[in-house]
Amino acid sequence: MTAETPDSENAPAAKPTPWWLWPHVLSLEAPLVAVLWQAALAHAHGIRLTPMLSVGLGLACWVVYLLDRTLDTYAVKNVAELDVRHQFYHRHRRVLLWGVIPLALVALGWLALWVIPEGVLWQAVGLALLVALYLASWSAQGSRIVRDVFVCCAGLGGIMLVSRMPLPSGSRLVLSLLVLGVMVLSFLRQLDVRMGHVLPKELTAALLFAMGCTTSTRFFAMPETIKEPVLECMLLALLFACNLQMISRHEAEEERGAGSASVTGRSREPLMLAGTLACFMTLLVLVSGGVVEQSLRGLLMIYAGCGVMTLNYLVYGWHRRVSADAYRVLADLALILPLPLVWMPECLAALRQYFHVA
């Protein structure tokens, strides 16, 4: 009889993964959400994007999620504590780190050098620096000294690179301040773990995700001031932050037991949803009244945002009745189901023309 190793003791029994959960396990849901929101934003701005821009965004988003979830597995000592998706990444992390991710990075490099427009490329490079700092601060584990050196090198190198980017001075300033802010919060987080509440992982991930979704539209829309793209990005970040916060809260409740959630934990999430929905409704009133330019986002994009928040609220109402895996899938669907509203006028016009001709 062979002796059991610690890994075999901690390894959970393999359970069949339901078919509807595989897109989430393979991290395909985030690239899909990013590509669909980019397409909706481009349509709202009246921009035609080449298909390769969608391929590049989807592939870049997929690589980031692969890295994030694979690095997360190194922080867990007991494999039995991992959920279904992280168990998958724990089992296949060598293949991912030494095979899949390098091949995907090569494909991204080819797209960046020979396909993507230069203006979009420079914005993507700046965003990649922020993503590297995010992974070093929240996902990468190991020696604190090595991590701090990596953050310093990436941050200072990023600021030097930003200063050389062919971007407007306002964009370079905002990007440099973002790099500095992430560096400062990363170091403060090492000194006091409570600093994580200043800029939680969910909010940081939501902001980076929103910046990725708006990269192409920021370049092709050519806004006169930086105010419009910044506000657009902030509104998107609010949507994604609510989505991630809901998922994190539901996972935490499942770990503690649904009945042990505190009153604060029960009341904060609905308030977040209601507050974000109120922001979109206020913007809708301002745009309808002519106080804010309609080109800011388009009424239909605001309708879509309101639809996302309404669906998120409905999904949250079911969070005690479904598993964490099912809740993640429902939360992702809530992000994309209202997006067809953006194309509704064209669809209605096509239907009218069809029936008129018929």
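In the block above lies the structure referred to throughout.
Residues numbered from 1 in each chain as written. Predicted model: local features only at pLDDT ≥ 70, side-chain atom pairs only at ≥ 80, totals over all residues. Heavy atoms only, no water.

K.L.:
Got a sec to walk through the overall build of the chain? Specific residues and values, please.
P.N.:
Within the chain one finds 16 helices and zero strands. Taking all 358 residues of the chain together, the buried fraction comes to 41%. Surface summary for the chain: the accessible area is close to 19,400 Å², and the carbon and sulfur share equals 68%. (Helix = DSSP H or I, 4+ residues; strand = E, 2+ residues; numbered from the N terminus. Buried < 20%, exposed > 50% of the residue type's maximum accessible area, 1.4 Å probe, protein only. Areas by Shrake-Rupley, 256 points an atom, 1.4 Å probe, with all protein chains shown as cover.)

K.L.:
How would you summarise a nonpolar patch on the surface if you had to cite specific residues and measurements?
P.N.:
A surface patch of nonpolar side chains, amounting to about 540 Å² of accessible area, comprises Met-344, Leu-348, Leu-351, Tyr-354 and Phe-355. Position of Phe-355 relative to the elements: it lies in helix H16 (residues 344–357). The class of Phe-355 is exposed, set by a relative accessible area of 58%. (Patch = residues over 30% accessible without salt bridge, like charges linked within 9 Å, V, L, I, M, F, W, Y side chains within 5 Å. Salt bridge = Lys/Arg side-chain N within 4 Å of Asp/Glu carboxyl O.)

K.L.:
Before we move on, could you go through the state of the cysteines and cite the residues and values that matter?
P.N.:
Put plainly, a disulfide is one covalent bond tying together the sulfur atoms of two cysteines. All told, the structure shown has zero disulfides when counted by the stated rule. Of all cysteine sulfurs, the one in Cys-213 lies closest to Cys-233, which takes part in no disulfide; the gap is 8.7 Å. The class of Cys-233 is buried, set by a relative accessible area of 5%. (Disulfide = S-S within 2.5 Å.)

K.L.:
Tell me about the packing of aromatic side chains, and name the residues and values.
P.N.:
Counted by the stated rule, this structure contains five aromatic pairs. Pairing Trp-37 with Phe-240 gives two aromatic rings, centres 6.1 Å apart and planes at 90°, and the pair type is edge-to-face. Within this pair, whereas Trp-37 is found in helix H3 (residues 29–44), its partner Phe-240 is found in helix H12 (residues 227–256), the two being separated by 203 residues in sequence. The two residues Trp-37 and Phe-240 agree in class, both being buried. Note on Phe-219 and Phe-220: the rings are 4.9 Å apart at their centroids and 80° apart in plane angle, and the pair reads as edge-to-face. Three or more aromatic residues joined by ring pairs form one cluster here, namely Trp-22, Phe-88 and Tyr-89. (Phe/Tyr/Trp six-rings, centres within 6.5 Å; stacked < 30°, edge-to-face > 60°.)

K.L.:
Explain helix H6 (residues 93–114) residue by residue, including any values.
P.N.:
With 22 residues, H6 should cover 32 Å at 1.5 Å per step; its first-to-last C-alpha distance of 30 Å lies within 8% of that length. The axis of H6 is deflected most strongly, by about 30°, at Ile-101, and proline Pro-102 appears within four residues downstream. Those residues of H6 lying buried are Arg-93, Leu-96, Ile-101, Ala-104, Leu-108, Leu-111 and Ala-112. (Expected span 1.5 Å × (residues − 1). Bend = angle between axes of the 7 residues up to and from the residue.)

K.L.:
Which residues make up the pattern of salt bridges, and what values do they have?
P.N.:
Applying the stated criterion across every chain yields a total of two salt bridges. Glu-29 serves as the salt-bridge partner of Arg-69, at 3.0 Å between the closest nitrogen and oxygen. In this pair, Arg-69 sits in helix H4 (residues 51–72) while Glu-29 sits in helix H3, placing the two residues 40 residues apart along the sequence. This pair shows no difference in class: Arg-69 is buried, exactly as Glu-29 is. The partner of Asp-325 in a salt bridge is Arg-328, and the shortest N-O contact between them spans 2.4 Å. In this pair, Asp-325 and Arg-328 both sit in helix H15 (residues 324–336), three residues apart, roughly one turn of the helix. Exposure remark for Asp-325: the relative accessible area of 18% places this residue in the buried category. The exposure class assigned to Arg-328 is buried, which follows from its relative accessible area of 3%.

K.L.:
For the packing of H4 against helix H10 (residues 201–213), give the residues involved together with the corresponding values.
P.N.:
Where H4 meets H10, the closest approach of the two axes is 11 Å, and the angle between their N-to-C directions is 160°. With respect to H10, the axis of H4 lies roughly antiparallel. Handedness of the crossing formed by H4 with H10: right-handed. Residues Leu-57, Cys-61, Tyr-65, Asp-68 and Asp-72 of H4 lie in contact with H10, whose contacting residues are Lys-201, Phe-209, Gly-212 and Cys-213. Grouping the amino acids of the contact of H4 with H10 by side-chain chemistry returns five nonpolar, one polar and three charged. (Axes fitted to C-alpha atoms, helices over the stretch in contact; angles between N-to-C directions. Parallel < 35°, antiparallel > 145°, perpendicular 65-115°, else oblique. Left-handed = near helix turned anticlockwise from the far one by under 90°. Contact = heavy atoms within 4.5 Å. Nonpolar A, V, L, I, M, F, W, Y, C, P; charged D, E, K, R; others polar.)

By themselves, these are just geometric observations and shouldn't be taken as functional.
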